[in-house]
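# Structural overview for review
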Amino acid sequence: MRIRVNRVHYPVVVLGYGRRAGLWVQGCGIGCAGCVARDTWAADPATEVEVGAVVDWLRRLPSDVDGVTISGGEPFDQPDALLALLRALHAWRAGTGRPVDLLGYSGRSLTALRARFAPHLELLDAVVPGPYVAAEAPGGMWRGSANQDLVPLTALGHERYDADVDRPAGPTRMQLGTDGERVYHIGIPAPGDLEALEAALARRGLVYGEVSWRS
Ligand code: SF4
């Protein structure tokens, strides 16, 4: 089974509990106004990789991985591939010898997810459902806008996320990564964060060539 992937990153420390593997899928048909990940929208078949290749990458990570965050892009736009991925993640984490939670994001409502994607939800420990609504930003801990809930789904999910359900976003919301050519943001900026970062870089003589967070 193949899945479109925009990027993988480790460690991610701003999208869920602990030090995490981050998996951003490619393709989103929802199109929230103000989305900071517009580069993930196109369902580009050239980004397809085997689910097994994702698991191989996870196997090569340091042994301290606490969880996997699946975002994008809209993971549920690839339902068959997502299900195959989640099953493969369960098999992989069973061999890690440590609790590894699976946290998924979706622009669909929880009602829609429960109606159409119940088998997927059964394989996640927690989910953040709902579109990003710029007028309701910032959201709570690990979320972009206040309409988005954080929904623990399993015992591990409750253990790690119950305390965050009503918690406001903390001061550490973003981290930066680079692939050698481009710099990318990880996490969910609060309103004004990206503009402030751009202004700070400009004062140092660094100017963005193109950005994925401005339409
Ligand atoms: S915020 Fe998420 S669901 Fe909304 S357009 Fe961006 S990638 Fe898609």
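Structural notes, computed from the coordinates.

Rules of the game
Residues numbered from 1 in each chain as written. Predicted model: local features only at pLDDT ≥ 70, side-chain atom pairs only at ≥ 80, totals over all residues. Axes fitted to C-alpha atoms, helices over the stretch in contact; angles between N-to-C directions. Helix = DSSP H or I, 4+ residues; strand = E, 2+ residues; numbered from the N terminus. Parallel < 35°, antiparallel > 145°, perpendicular 65-115°, else oblique. Left-handed = near helix turned anticlockwise from the far one by under 90°. Contact = placed C-beta atoms within 7 Å. Nonpolar A, V, L, I, M, F, W, Y, C, P; charged D, E, K, R; others polar. Near = placed C-beta within 6 Å. Buried ≥ 20, exposed ≤ 12 C-beta atoms within 10 Å, placed from the backbone. Right-handed = clockwise from strand over helix to strand, strands pointing away. Pairing = 2+ DSSP bridges. Core = buried A, V, L, I, M, F, W, Y, C linked by C-beta atoms within 7 Å.

### A look at the packing of helix 1 (residues 51-59) against helix 2 (residues 79-94)
Two elements in contact, helix 1 and helix 2, have axes whose closest approach is 10 Å; the angle formed by their N-to-C orientations is 30°. Classed by the angle they form, the pair helix 1 and helix 2 counts as roughly parallel. Crossing geometry of helix 1 relative to helix 2 is assigned as right-handed. Taking contact as the criterion, the partners of V51, V54, V55, L58 and R59 in helix 1 are, on helix 2, A81, A84, L85, A88 and W92. Looking at the contact of helix 1 with helix 2 residue by residue, the classes come out as nine nonpolar, no polar and one charged.

### Re the site of the ligand
Around the ligand, a shell composed of 13 residues is seen, among which C28, C32, C35, G107 and Y132 lie nearest. A breakdown of the residues in the shell around the ligand according to their chemical character gives seven nonpolar, five polar and one charged.

### Focus: unusual backbone geometry
With glycine set apart, most residues show a phi of negative sign, and most peptide bonds adopt trans. Between G72 and G73 the backbone carries a cis peptide bond, its omega angle lying at 10°. Relative to the helices and strands, G73 resides in the loop between strand 4 (67-71) and helix 2. In the segment running from A137 into P138, the intervening peptide bond is cis, with an omega of 0°. Mapping P138 onto the fold places it in the loop between strand 6 (126-128) and strand 7 (151-152). Notably, W142 is not glycine yet its phi reads approximately 70°, a positive angle. Here W142 falls in the buried class, since 25 other C-beta atoms lie within 10 Å of it.

### Examining the pairing of strand 5 (residues 101-105)
On a regular strand, one side chain projects to one face of the sheet and the next to the other, so that they alternate. Counting buried positions along strand 5 gives five out of five residues, so the element sits mostly inside the fold. Covered by surrounding structure in strand 5 are D101, L103 and Y105 together with L102 and G104, the residues of both alternating faces. A crossover links strand 4 with its parallel partner strand 5, the connecting element being helix 2, and its sense is right-handed. One ladder, built from three bridges, connects strand 5 with strand 6; its direction is parallel. In the sheet register, G104 faces strand 6, and the bridge partner there is V127.

### Digging into the nonpolar core
Among the nonpolar cores identified, the biggest contains 36 residues, and L23, V68 and L85 are the most heavily contacted of them. Taken together, the elements giving at least two residues each to this core come down to strand 1 (2-12), strand 2 (20-25), helix 1, strand 4, helix 2, strand 5 and strand 6. Among the elements that make up this core, the one with the highest residue count is helix 2 (five residues).

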